[in-house]
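Breakdown of the fold
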Amino acid sequence: MSRLRWLPTLRRPGLVSLRTTFAVSFAAVTAAVTVLVGVLSYSAAARLVRVDQESVFDQVVQDVRDEVSRHRMTPEDFSSSAPGHDVVRPARTDVQVLGPNGDVVDRGRPGLPVTAADRSIVESRAAGRMVEHKDVDVAEDVYRIATVSLGDGRGAVQVAQEFSDTEDLLRALQQRTLILMGAVVLGAGLFGWWLARRITRRLIILTSAAENVARTRRLGIEVPVTGYDEVGRLGRAFDRMLGRLAQSEEDQRRLVQDAGHELRTPLTSLRTNISLLRRIDELPPAAREDLVADLGQEARELTDLVNELVDLAAGQSDSEPPQRVDLAEIAEDVAGLARRRTGREVRVRASGDTTTDGRPGMLQRAMSNLVENAAKFDRDGTGPIEIAVLGPARPGTVRVEVLDRGPGIAECDLLRIFDRFYRATDARSLPGSGLGLSIVREVATAHGGAPFAFRREGGGSVIGFSVVGVPPA
């Protein structure tokens with residue numbers, strides 16, 4: 001078991017890093033292309049050189065055959081001492097002349113071997129007959145030799161061309177090509193390493209940042225972001241992700257702290273009343289009824305508080321798929337439900353295009369909270385509660401307002417009523433948790449809008465939110 005535990009430590013990250021992989025891949029591709037181009041280029045060049053040499057030799061031999069066929073020539077005509085011998089002795093060729101008996105009458109430089117086939121050509125009656133020898137070793141060099149008859153047994157002329165110098169040239173070319181290919185591959189490897197280091201430098205920084213987050217669990221670190229390419233976009237996305245995670249962690253911590261603070265009061269009251277239950281027989285009937293009523297009220301408030309905490313946590317999730325919704329229709333559903341619950345008259349007023357892309361469950365919850373809040377603060381009111389759905393003030397924007405004729409909101413509370421667990425001084429004696437309007441803010445923010453509240457002319461309040469919409473998934 002201990003042996004297996006040590007196995008991961010044997011692998012060094014640098015050996016399998018993206019930088020190394022990129023550099024090796026770049027060098028490998030360059031090497032393959034360079035070798036392919038080098039081999040093809042060398043093969044084509046060698047073939048062209050060999051074909052050119054062979055064609056030149058074939059042309060020289062053909063000229064000699066044509067010459068001896070048109071003119072009656074003797075071995076002396078090809079002698080190196082004869083006038084005009086340069087004409088019959090082409091450049092870059094070796095010529096050796098054979099007499100009527102096959103003897104060498106004018107040795108070439110170097111001397112060429114004479115075989116039985118060459119002597120049979122010497123005795124030929126027809127001029128221009130030829131025998132050819134390939135890859136003949138002469139003085140440690142390789143030659144190609146062609147023996148052409150002069151006719152009527154007068155002799156023959158041997159024309160030779162050295163091919164070993166061509167092969168030496170091609171070997172030198174091959175060595176230089178290999179050296180050049182090696183230099184190109186080495187340069188490509190170095191350039192690939194430099195390029196990989198330049199490309200992966202920002203990825204390494206992002207990787208270090210991610211490892212730092214995983215090690216320290218600190219989401220508030222600064223992520224260096226540069227450039228506008230894919231790596232730059234990745235860095236900015238990673239930075240935004242960390243920001244959202246940090247905000248989510250902060251919201252969760254604050255929610256837990258606020259929830260603990262708010263739960264402490266009803267739980268303390270419940271413990272106190274439960275302790276009185278031990279001596280309920282000693283209490284007068286009126287006190288018993290008050291105690292039971294208090295227990296029921298505190299249980300209901302505690303239940304409402306827990307439900308709103310759950311709704312608030314669920315409201316931060318975007319698991320509900322967005323779809324095309326009509327806020328006027330949602331307002332009608334909310335109004336009908338509020339009429340049954342409160343017995344109050346609830347009117348809906350809509351104007352313009354009230355459709356948007358959103359999550360219907362979240363939007364219905366936000367409207368319900370606004371109507372319940374209006375009914376709670378305007379408990380003794382006789383006028384109707386109004387739901388106004390107005391759209392669009394701006395392209396794609398829908399505005400939802402809930403109007404009541406309650407006591408209104410103090411100026412000092414207008415900016416804080418959407419905070420979690422915040423309750424105005426006049427509302428602390430009323431039931432509630434202080435989370436309803438906070439849920440409205442969360443829903444509006446999730447839909448690209450914002451909550452608002454102001455005092456209504458003639459008394460009462462106007463509380464609502466705007467919705468821009470979210471794109472469909």
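My aim in this report is to walk through the structure given alongside it, one point at a time. (Residues numbered from 1 in each chain as written. Predicted model: local features only at pLDDT ≥ 70, side-chain atom pairs only at ≥ 80, totals over all residues. Heavy atoms only, no water.)

1. Side note on the packing of aromatic side chains
Counting across every chain of the model gives two aromatic pairs. The interplanar angle of 35° and the centroid separation of 5.8 Å between the aromatic rings of Phe191 and Trp194 together place this pair among those described as tilted. Here Phe191 pairs with Trp194, and both are found in helix α5 (residues 164-216), just three residues apart, close to one helical turn. For Phe191, a relative accessible area of 41% gives the class partly exposed. The partly exposed category is assigned to Trp194, whose relative accessible area is 47%. A centroid spacing of 6.3 Å and a plane angle of 20° characterise the contact between Phe452 and Phe454, whose relative ring orientation is stacked. For Phe452, a relative accessible area of 14% puts it in the buried group. (Phe/Tyr/Trp six-rings, centres within 6.5 Å; stacked < 30°, edge-to-face > 60°. Helix = DSSP H or I, 4+ residues; strand = E, 2+ residues; numbered from the N terminus. Buried < 20%, exposed > 50% of the residue type's maximum accessible area, 1.4 Å probe, protein only.)

2. Things to note about the pattern of salt bridges
Tallying each qualifying case throughout the model produces 12 salt bridges. For Arg347, the salt bridge is made with Glu345, and the minimal N-O distance between the two is 2.8 Å. Overall, Glu345 belongs to the partly exposed group, its relative accessible area being 41%. Across the pair Glu442 and Arg441 runs a salt bridge whose closest N-O atoms are separated by 3.8 Å. The class for Arg441 is partly exposed, based on a relative accessible area of 21%. Connected through shared salt-bridge partners, Arg72, Arg125, Asp152 and Arg154 make up one network. (Salt bridge = Lys/Arg side-chain N within 4 Å of Asp/Glu carboxyl O.)

3. Quick look at the pairing of strand β1 (residues 94-98)
Within β1, five of the five residues are buried, leaving the element largely enclosed by the surrounding structure. On β1, burial covers both faces: Asp94, Gln96 and Leu98 on one face and Val95 and Val97 on the other are all buried. Alignment of β1 against strand β5 (residues 156-162), held across five bridges, turns out to be antiparallel. Bridge assignment links Val95 to a residue of β5, and that residue is Val159. If you look at the hairpin formed by β1 and strand β2 (residues 104-106), you'll find five residues sitting between the two strands, and Gly102 has a positive phi there, around 85°. (Pairing = 2+ DSSP bridges.)

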